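Each chain, written out:
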Amino acid sequence: MVTAETAASARGKTAETKAVVQVKSEVIALRRAGSYYVMTLTAAGIPELTRPGHFVAVSCGGDDGATLLRRAFSIHNVASRGVYGGTLDIVFSVVGKGTRWLSERHRHDSVEIVGPLGRPFALPRQPVSCILVAGGYGSAPMFMLAEALRARGCRVDVVLGASTEDKLFGVLDAKRIAATLTLTTDDGSVGERGRVTDLLPAVLERTDADVVYACGPMPMLARVAEVAHAHGAHAQCLVEESMACGTGICMTCVLPVIGDDGVTRMLRSCTDGPVFRADRVRWADIGTVPPDAYGAPAVEESS
Amino acid sequence: MTRAVITREPRRDTSLDRPDFDMSANVGGVTLPDAVLTASGCAAAGRELEPFLDLERIGAVVTKSVMLAPRSGRPTPRMAETPSGMLNSIGLQGPGIDVFLERDLRWLRDRGIRTVVSIAGGSVDEFTKLAQKLRHVEGLSAIEVNISCPNVEDRGQVFACEPSAAAAVLSTVRRNTMPSVPVLAKLSPDVTDIVEIARSVVAAGADGLSLINTLLGMVIDVDTMRPALAGVTGGLSGPAIRPVAVRCVYQVHAALPDVPILGMGGIRHGVDALEFILAGASAVSVGTATFNDPSAPERVSRQLAWALLDRGFTSLADAVGYAHRAPDTVARPAASVEPEVVDVLDEEPVADVAER
Ligand SMILES: Cc1cc2nc3c(=O)[nH]c(=O)nc-3n(C[C@H](O)[C@H](O)[C@H](O)COP(=O)(O)OP(=O)(O)OC[C@H]3O[C@@H](n4cnc5c(N)ncnc54)[C@H](O)[C@@H]3O)c2cc1C
Ligand SMILES: Cc1cc2nc3c(=O)[nH]c(=O)nc-3n(C[C@H](O)[C@H](O)[C@H](O)COP(=O)(O)O)c2cc1C
Ligand code: FES
């Protein structure tokens, strides 16, 4: 976790111990993978600090561009050595102005990034059995996670799903690292027809997994939380809330989360997340401020 | 050997070069060593920016407006990006004044970071109580009073839009706080005559003015065909509003030349800040641009120092309100009209070296 204290003590003299860095990166490579783009960026200082589940906030549009807000992307991969002295990969789909701009970058163009940001996935101490569930580009952070889990002796089963085949990301890598791989598409063109959450109960039963890690659209995560709970498995979800800064200063990315004290608070997903314990997020209340939340208005305000 | 002109056009540089230049600013009686501050709501309480800039070096951290009680804020979506700006509807989420003082302000003070505390309330009484809480807090650079909030006792009418309501708030805050701490009134541009509001808050005791808060705006999501924000309307900020902000600063400075102004609205680069200084601001806040570049306040200060130096000013204070001076009655400062010419020895021309 990037605490203010560690960041503070890291400022100044010892740049290499900084918990988060801002870098002017160079695009090393941009390639297509199905309907996604995979971008490799120089990122001096970031690989060493990165844990699975961390993200980077990317500035899109240049110094005078009209798209001012930062775009968040999970860190897919890092390399701390090599000719470029540290690189990272992000995987993205073009959905709006910022991602379109990114997709139009060329080799050697510069892109400004801040990272690693957020709280990463918590790893089990024991070599337990884990299931990684991802929808669409939600698989991007899962491969680093799988490596980290396997390094601890955990069994890793993977469930990947997407609406169509071209939106499944990382199938070959998943085959390589997973004890078993379950694929789903909405139309059944690859793997099983249906959603990852339709298949998850069977995988949970088969593997008797203790932990489920999930990343994908909110409705998928909400369902994963239910399924994991029903099977008595611990679950961690990487959420995707709309972000403007990624660094914790704008308060746009909040969602209702129950704390250790049982109190619901509107927490920032960029600093308190993006990974949350599934049983702590009030999935059904996302997009609202529950009336019992800390500081919630006693009566609905008029403005 | 090539002869080249170093163009010091303010740019986003990564170099930490800054000229030796007097950037001190007087904000309502207190002198800050640097004229660039953060903007309320765009820097939380400073902590999160610590990895990206030297908080002790910038003018001050202006904290997110705090209310008396903890507040959850509004539902999401709370923001929408707009051309060169954004719309936000955060709803003043915050811990409440007691936790703020105990936790956030303590953190800032322990590090010797200059702080402007921004307060917001739903009634004159709430502002009074907030002011009393701040009364014994030593060492504040200033108190900024965010009056762009609805007055629950007047059908939700925004204080900043009504001269007498705005004056009532400033008067109680001024009376209930330490006289040595300047009180700044933060005004909304969503009024017919901002000068009228400025006059009334200054008459009520405000030592300075923060100009401007966000403009009320709205975005409709054409896919859902509904308002993009859960709060329906939101505050527009960023470079898109800069001309409106510069106009407000210019008009108010023309009418009240002795009242210090903290200018803000769309400052992203040093030259943007320069516009505000020339229009009459004594210091500036960098808000939304910090979301794009978390080191923006420090970078803007550096770029502003170069921009002032290049135009022949000897201190930032000399440039305040310069745009108001008639061109024929005042000589231009002894600007370095001739671009600085340097010799570049056997070097590849770099991006910022323009061949002549
Ligand atoms: C922690 C995290 C990890 C993410 N990882 C990935 C990833 O690995 N690959 C990928 O393709 N996408 C990822 N996203 C989503 C990605 O951030 C958005 O698709 C992207 O910001 C859209 O930008 P745009 O300019 O194309 O869209 P626009 O709609 O033009 O964006 C406008 C603004 O809204 C914000 N925004 C819009 N959609 C989202 C969203 N879904 N999540 C967060 N902010 C949003 C943008 O940051 C920007 O500030 C992630 C989001 C989060 C929060
Ligand atoms: C997300 C966000 C939150 C803000 N919160 C506050 C606030 O709590 N109090 C306040 O006085 N102004 C608040 N503002 C307004 C800014 O301080 C500033 O006046 C305005 O955004 C114009 O400056 P800018 O274009 O540099 O952002 C907020 C602005 C944004 C974008
Ligand atoms: S994205 Fe700005 S606080 Fe989380």
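For the structure itself, consult the block above.
Calculation notes
Residues numbered from 1 in each chain as written. Chains lettered and ligands numbered in written order. Predicted model: local features only at pLDDT ≥ 70, side-chain atom pairs only at ≥ 80, totals over all residues. Heavy atoms only, no water. Helix = DSSP H or I, 4+ residues; strand = E, 2+ residues; numbered from the N terminus. Polar contact = N/O pair within 3.5 Å; in protein donor to acceptor, adjacent residues only side chain to side chain. Contact = heavy atoms within 4.5 Å. Core = buried A, V, L, I, M, F, W, Y, C linked by side-chain atoms within 4.5 Å. Buried < 20%, exposed > 50% of the residue type's maximum accessible area, 1.4 Å probe, protein only. Domains from an automatic or database assignment. Salt bridge = Lys/Arg side-chain N within 4 Å of Asp/Glu carboxyl O. Near = heavy atom within 4 Å. Pairing = 2+ DSSP bridges. Axes fitted to C-alpha atoms, helices over the stretch in contact; angles between N-to-C directions. Nonpolar A, V, L, I, M, F, W, Y, C, P; charged D, E, K, R; others polar.

Chemist: Now, about the side chain of His-54 of chain A: what can you tell me, with residues and values included?
Modeler: Residue and element names in this part refer to chain A. With respect to the helices and strands, the residue His-54 is situated in the loop between β2 (36-42) and β3 (55-59). A distance of 3.3 Å separates the side chain of His-54 from the backbone oxygen of Gly-118, its partner in a polar contact. When neighbours within four sequence positions are excluded, His-54 is seen to be in contact with Leu-49, Ser-74, Ile-75, Pro-116, Leu-117, Gly-118 and Pro-120.

Chemist: Let's hear about the nonpolar core: which residues, and what values?
Modeler: Formed by 120 residues in total, the largest nonpolar core has its most connected members in Ile-119, Val-145, Ile-147, Leu-170 and Leu-187 of chain B. A domain-level breakdown of this core finds at least three residues from each of domain 1 (21-117) and domain 2 (129-285) of chain A. Every residue in contact with Ile-119 of chain B, bar those within four places of it in the chain, is listed here: Ser-65, Val-66, Phe-127, Leu-130, Leu-134, Ile-143, Glu-144, Val-145, Asn-146 and Val-173 of chain B. Formed by 33 residues, the second largest nonpolar core is a distinct cluster that contains Ala-140, Val-158, Ala-178 and Val-211 of chain A.

Chemist: Could you give an account of helix α6 (residues 270-279) of chain B, naming the residues involved and the relevant values?
Modeler: Residue and element names in this part refer to chain B. Judged by how many residues are buried, α6 sits mostly within the fold: seven of 10 residues are covered. Within α6 the residues assigned to the buried category are Gly-270, Asp-272, Ala-273, Leu-274, Phe-276, Ile-277 and Ala-279. Looking at the buried residues of α6, the elements they touch are α5 (242-255), β18 (261-263), β19 (283-286), α8 (296-310) and α9 (316-319).

Chemist: How would you summarise the pattern of salt bridges if you had to cite specific residues and measurements?
Modeler: All names here are of chain A. All told, the structure shown has 22 salt bridges over all chains when counted by the stated rule. Here Arg-70 ties to Glu-112 by a salt bridge, and the two come within 3.1 Å at their closest N and O atoms. Taken as a pair, Arg-70 in strand β4 (residues 70-74) and Glu-112 in strand β7 (residues 110-117) lie far apart in primary sequence, 42 residues in all. The residues Arg-70 and Glu-112 share a single accessibility class, namely buried. Overlapping salt bridges, with partners in common, bring together Arg-282, Asp-285 and Asp-292 in one network.

Chemist: Go over the site of ligand 2 with me, naming the residues and quoting the values.
Modeler: Surveying the vicinity of ligand 2 reveals 23 residues, the closest of which are Ser-40, Ser-65, Lys-186, Gly-266 and Thr-288 of chain B. Residues close to ligand 2 are split across chains A and B. Between an oxygen atom of ligand 2 and a main-chain N or O atom of Ser-40 of chain B, the distance comes to 2.7 Å. Measuring from an oxygen atom of ligand 2, one finds a backbone N or O atom of Gly-266 of chain B at 2.6 Å.

Chemist: So what's going on with the sheet that holds strand β1 (residues 21-33) of chain A? Residues and values would help.
Modeler: Residues and elements named next belong to chain A. With respect to topology, seven strands assemble into an open sheet ordered β4-β3-β7-β1-β2-β6-β5, the strand pairing being antiparallel. The sheet is open, and its two borders are formed by β4 and β5 (77-79), each paired with just one other strand. Within the sheet, the average angular offset between the axes of one strand and its neighbour, ignoring direction, is 35°. Sheet analysis places β3 next to β7, joined by four bridges and oriented antiparallel. Note that in β7 the partner of Ser-59 across the bridge is Glu-112.

Chemist: If you had to explain the site of ligand 1 to someone new, which residues and values would you point to?
Modeler: Around ligand 1, the surrounding shell holds 23 residues, and the nearest of these are Ala-72, Val-91, Gly-98, Thr-99 and Glu-240 of chain A. Between an oxygen atom of ligand 1 and a main-chain N or O atom of Ser-93 of chain A, the distance comes to 3.1 Å. Here an oxygen atom of ligand 1 and a backbone polar atom of Met-243 of chain A are 3.0 Å apart. Contributing elements (two or more residues each) for the shell around ligand 1: β4, β6 (87-92) and α2 (97-103) of chain A together with β6 (79-82) of chain B. Counting residues per element, the shell around ligand 1 draws most heavily on β4 of chain A, at five residues. Here the shell around ligand 1 is composed, by residue class, of 11 nonpolar, six polar and six charged. For the shell around ligand 1, the two domains that each supply at least three residues are domain 1 (21-117) and domain 2 (129-285) of chain A.

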